[in-house]
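Structural overview for review
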Amino acid sequence: MKHIEVLGSCSCCCGKTEKKIKAAIERMHLEAVVVWQKDLAATAQYNIMKTPAVIIDGTIVHEGGIPSDEQIASWLAE
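As the structure is a prediction and not an experimental result, all values here were calculated from the model.

The buried fraction of strand E1 (residues 2–7) is high, at five of six residues. Once you follow E1 into helix H1 (residues 13–27) and on to strand E2 (residues 32–37), the crossover reads as right-handed. Taken together, the four bridges between E1 and strand E3 (residues 53–56) define a ladder with antiparallel strand orientation. Within E3, the position partnered with valine 6 by the bridge is valine 54.

Next up, the structure:
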């Protein structure tokens, strides 16, 4: 089971990223935990400069901008 974190406090970009990831998980019939970290300390811990950022199992896979459905699917397929 993958552990996915969306980092950032903005509800438009970060919230949309979280929703897109959850929708992809459902579409792909996967099991994953998705957590939206709005705390700036979490962002600083990974030295993230742009949000939204996506961390999967401790690895930064995305930083800045809303990811495409294709990007999300490729992360989840790994």
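Let us keep going from here.
What follows covers the sheet that holds strand E4 (residues 59–63). Read from one edge of the open sheet, four strands run E2-E1-E3-E4, paired in mixed fashion. With partners counted over all chains shown, the strands left at the sheet margins are E2 and E4, one partner each. Strand-to-strand twist across the sheet, computed as the mean angle between neighbouring axes with direction ignored, equals 20°. Strand contacts of H1: E1, E2 and E3, with the helix running at about 175° to E2, the strand carrying the most contacts.

On to the packing of aromatic side chains. Here the structure, examined in full by the defined rule, presents zero aromatic pairs. Sitting over the face of the ring of tryptophan 36, lysine 38 holds its NZ or CZ atom 4.2 Å from the ring centroid.

Take the environment of glutamate 78 next. One can find glutamate 78 in the segment after helix H3 (69–77). Assessed through its relative accessible area of 70%, glutamate 78 is described here as exposed. Residues glutamate 78 and lysine 2 lie 76 residues apart in sequence; the distance between their C-alpha atoms is 10.0 Å.

Parameters and conventions
Residues numbered from 1 in each chain as written. Predicted model: local features only at pLDDT ≥ 70, side-chain atom pairs only at ≥ 80, totals over all residues. Heavy atoms only, no water. Buried < 20%, exposed > 50% of the residue type's maximum accessible area, 1.4 Å probe, protein only. Helix = DSSP H or I, 4+ residues; strand = E, 2+ residues; numbered from the N terminus. Right-handed = clockwise from strand over helix to strand, strands pointing away. Pairing = 2+ DSSP bridges. Axes fitted to C-alpha atoms, helices over the stretch in contact; angles between N-to-C directions. Contact = heavy atoms within 4.5 Å. Phe/Tyr/Trp six-rings, centres within 6.5 Å; stacked < 30°, edge-to-face > 60°. Lys NZ or Arg CZ within 6 Å of the ring centre and 35° of its normal.

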